[in-house]
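Structural description and commentary
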Amino acid sequence: MEKVSNYLKVLEESLSKKLTVLQALLEASNRQGELAEEETFDLDLFETTMDQKEELLSQLEKLDEGFDSVFRKIETEVKENKEFYKEEVLMLQQLIRQCTDVSVEIQAAEARNKAKLSVKFSDQQKELRQIKTSNKVATTYYKSMTNTQDTDSYYMDQKK
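Bear in mind that the values here come from a model prediction, so they are computed numbers and not experimental data.

What follows is about the overall build of the protein chain. The number of helices and strands found in the protein chain is three helices and zero strands. A globule of 160 residues ought to have a C-alpha radius of gyration of about 15 Å, yet the protein chain, at 31 Å, is considerably larger. In terms of its C-alpha atoms, the protein chain occupies a principal-axis envelope of roughly 115 × 20 × 20 Å. Residue burial in the protein chain is summarised as follows: out of 160 residues, 24% are buried. In the protein chain, once contacts between residues fewer than 6 apart in sequence are set aside, the share between residues at least 24 apart is 86%. Element-wise, carbon and sulfur atoms account for 53% of the exposed surface of the protein chain, whose accessible area totals about 12100 Å². Each charge class in the protein chain was averaged separately, 24 positive and 32 negative side chains, and the resulting centres sit 6 Å apart.

Here Ser 5 shows up in helix H1 (residues 2-37). Residue classification places Ser 5 among the buried positions, given a relative accessible area of 18%.

Analysis parameters
Residues numbered from 1 in each chain as written. Predicted model: local features only at pLDDT ≥ 70, side-chain atom pairs only at ≥ 80, totals over all residues. Heavy atoms only, no water. Helix = DSSP H or I, 4+ residues; strand = E, 2+ residues; numbered from the N terminus. Rg over C-alpha atoms; globule rule 2.2 N^0.38 Å. Buried < 20%, exposed > 50% of the residue type's maximum accessible area, 1.4 Å probe, protein only. Contact = heavy atoms within 4.5 Å. Areas by Shrake-Rupley, 256 points an atom, 1.4 Å probe, with all protein chains shown as cover. Lys, Arg positive; Asp, Glu negative; His and termini not counted. Charge placed at Lys NZ, Arg CZ, Asp CG, Glu CD.

Below, the structure written as structure tokens:
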């Protein structure tokens, strides 16, 4: 029984750590949204934030694996003695709800970020097309001016 109580404390600590990591992930997602809204897009800062999120996701995965392995060890004991572990289970359920709430916030932030980035990248593609068109026009103009000078002197010679 004492061993199960210790495992339940480990699960509680694991969920608390998971909640902390999820909140950090939410902050990183919100930071990405702010970067996407800025007038000048800082790709380096955006990539740094992506790397941080990747590290946080790796931590989440490890926490989830650890939680699952510990829970499997005590699952039957807790189910058989629900009343004895009622307080610990309620605490775990509360932490799971909090984790779920933060996860939903992260999903909403990611959806907003995706929309913002789609608009941002679309605008950048338009700018690139305009630059290419401007360069093409400038090149064409330069070529036509170069050819015009040669033909002007040719026409002058014929008139004399």
